[in-house]
Amino acid sequence: MQLIDGKATAAAIKEQIAQEVAQIVAAGGKQPHLVAVLVGHDGGSETYVKNKVLACEKCGFKSTLIRYEEDVTEEELLQCVDKLNQDDDVDGFIVQLPLPKHIDEQKVTMAIDYRKDVDGFHPVNVGRMSLGMACFISATPLGILTLLQHYNIETSGKKCVILGRSNIVGKPMAQLMQYGDATVTVCHSHSKNLKKECQEADIIIAAIGRPDFVTADMVKPGAVVIDVGTTRVPDATKKSGFRLNGDVKFDEVAEKCSFITPVPGGVGPMTICSLMKNTLAAGKKEYYS
Ligand code: GUN
């Protein structure tokens with residue numbers, strides 16, 4: 001079994017991005033600028049946004065964090081989005097999800113100018129991706145694709161089972177794997193024979209948010225296993241009082257598969273690295289003028 005090291009891969013890519021940014025700036029170009037909008041104080045979102053800001057520093061980007069309290073109105077947030085849409089200094093921005101219940105996430109996502117939507121969540125980017133056109137691709141699927149390429153893992157003709165059908169991971173991942181000429185099955189809570197589907201898979205991508213869901217008896221010997229799960233579970237041995245738990249029962253599955261991503265240190269760092277790739281592309285106006 002080979003461990004897929006997302007942390008090291010992401011670090012190498014961020015270093016490449018930093019070199020490119022240094023060249024752009026040396027040639028008189030503009031430093032890419034990412035803005036993150038964070039509403040409230042959810043622990044998970046705080047950590048993600050902190051790591052995104054740190055990654056910007058590593059890549060030589062300018063970054064700005066805009067904070068709102070939990071009771072911000074939808075109108076105020078939409079005004080913020082509009083301002084960021086108009087601001088020529090801002091190349092890309094994200095509104096960290098989830099948002100409080102009184103705010104319509106879809107309305108906010110739709111309000112973001114798709115040319116600055118480095119999360120790749122706007123319907124224009126989702127639609128362009130499904131048509132195979134240049135666009136911002138949602139960060140987690142793009143990170144997984146980058147890892148598969150980095151480790152020379154063949155996807156053509158392989159049977160890929162994706163567990164989960166979320167808009168952010170499962171759905172776009174299914175399309176990207178089809179572009180990689182894989183035969184794709186998407187399983188979810190209503191799927192029959194989910195275990196059998198997994199047993200036949202050459203590549204399993206687990207993104208259902210159920211800790212330790214994928215067990216060794218579900219995995220074909222030599223399969224590639226990608227774990228997208230990041231459930232926070234209580235852990236008294238940790239200073240924070242919790243740990244991140246993947247969707248895969250790592251120890252037993254690792255003994256059986258050919259490649260596996262750990263949690264943490266697998267897909268997570270690649271997600272942030274993909275956001276950096278998208279921000280660089282936004283700064284270079286690579287997809288949209
Ligand atoms: N919440 C969890 N993942 C993400 C992400 O990739 N982008 C945003 N904006 N919010 C998230």
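Residues numbered from 1 in each chain as written. Predicted model: local features only at pLDDT ≥ 70, side-chain atom pairs only at ≥ 80, totals over all residues. Heavy atoms only, no water.

Some points on the overall build of the chain
When helices and strands are counted, the chain shows ten helices and eleven strands. Based on the C-alpha atoms only, the size of the chain along its principal axes is roughly 55 × 40 × 40 Å. Buried positions account for 47% of the 289 residues belonging to the chain. Sequence-distant contacts, at least 24 apart, represent 70% of the contacts inside the chain between residues at least 6 apart. Of the roughly 14000 Å² that the chain leaves accessible, carbon and sulfur atoms contribute 51%. Seen as two clouds, the 32 positive and the 36 negative side-chain charges of the chain have centres 3 Å apart. (Helix = DSSP H or I, 4+ residues; strand = E, 2+ residues; numbered from the N terminus. Buried < 20%, exposed > 50% of the residue type's maximum accessible area, 1.4 Å probe, protein only. Contact = heavy atoms within 4.5 Å. Areas by Shrake-Rupley, 256 points an atom, 1.4 Å probe, with all protein chains shown as cover. Lys, Arg positive; Asp, Glu negative; His and termini not counted. Charge placed at Lys NZ, Arg CZ, Asp CG, Glu CD.)

Quick word on the pattern of salt bridges
Following the criterion strictly, the structure yields 14 salt bridges and no others. The residue Arg-67 makes a salt bridge to Glu-46 at a minimum N-O spacing of 2.6 Å. Note that Arg-67 is positioned in strand E3 (residues 62–68) and Glu-46 in helix H2 (residues 43–59), a separation of 21 residues in sequence. In this structure, Lys-159 and Glu-197 form a salt bridge, with 3.4 Å as the shortest nitrogen-oxygen distance. Highlighted residues: Lys-159 in strand E5 (residues 159–163) and Glu-197 in helix H8 (residues 194–199), separated in sequence by 38 residues. (Salt bridge = Lys/Arg side-chain N within 4 Å of Asp/Glu carboxyl O.)

A closer look at the packing of helix H1 (residues 6–26) against H2
Where H1 meets H2, the axes come as close as 8 Å, and the angle between the chain directions of the two elements is 55°. Overall, the two elements H1 and H2 adopt an arrangement that is oblique. In contact with Lys-14, Ile-17, Ala-18 and Val-21 of H1, H2 contributes Ala-55, Lys-58 and Cys-59. Among the residues forming the contact of H1 with H2, the class breakdown is five nonpolar, no polar and two charged. (Axes fitted to C-alpha atoms, helices over the stretch in contact; angles between N-to-C directions. Parallel < 35°, antiparallel > 145°, perpendicular 65-115°, else oblique. Nonpolar A, V, L, I, M, F, W, Y, C, P; charged D, E, K, R; others polar.)

Here's the deal with the packing of aromatic side chains
Enumeration over the complete set of coordinates arrives at five aromatic pairs. Ring geometry for Tyr-114 against Tyr-288: centres 5.0 Å apart, planes inclined by 85°, an arrangement best described as edge-to-face. Here Tyr-288 lies in the segment after helix H10 (267–283) and Tyr-114 lies in the loop between helix H4 (105–111) and helix H5 (123–130), a separation of 174 residues in the sequence. With a relative accessible area of 30%, Tyr-114 lands in the partly exposed category. Assessed through its relative accessible area of 9%, Tyr-288 is described here as buried. In textbook terms, an aromatic cluster arises when at least three aromatic residues are bridged by ring pairs, as seen for Tyr-114, Phe-136, Tyr-287 and Tyr-288. (Phe/Tyr/Trp six-rings, centres within 6.5 Å; stacked < 30°, edge-to-face > 60°.)

Regarding the sheet that holds strand E1 (residues 2–3)
On the basis of which strands lie adjacent, the open sheet formed by six strands has the order E1-E11-E8-E7-E5-E6 and parallel pairing. The strands lining the two open edges of the sheet, one partner per strand, are E1 and strand E6 (183–187). (Pairing = 2+ DSSP bridges.)

Some remarks on the site of the ligand
Around the ligand, the neighbouring residues are Lys-52, Val-95, Gln-96, Leu-97, Asp-119 and Phe-121. With respect to the ligand, the side chain of Gln-96 contributes an N or O atom lying 3.2 Å from a nitrogen atom. For the ligand, the protein covers 82% of the area, taking 280 Å² as the surface of the free molecule. (Near = heavy atom within 4 Å. Polar contact = N/O pair within 3.5 Å; in protein donor to acceptor, adjacent residues only side chain to side chain.)

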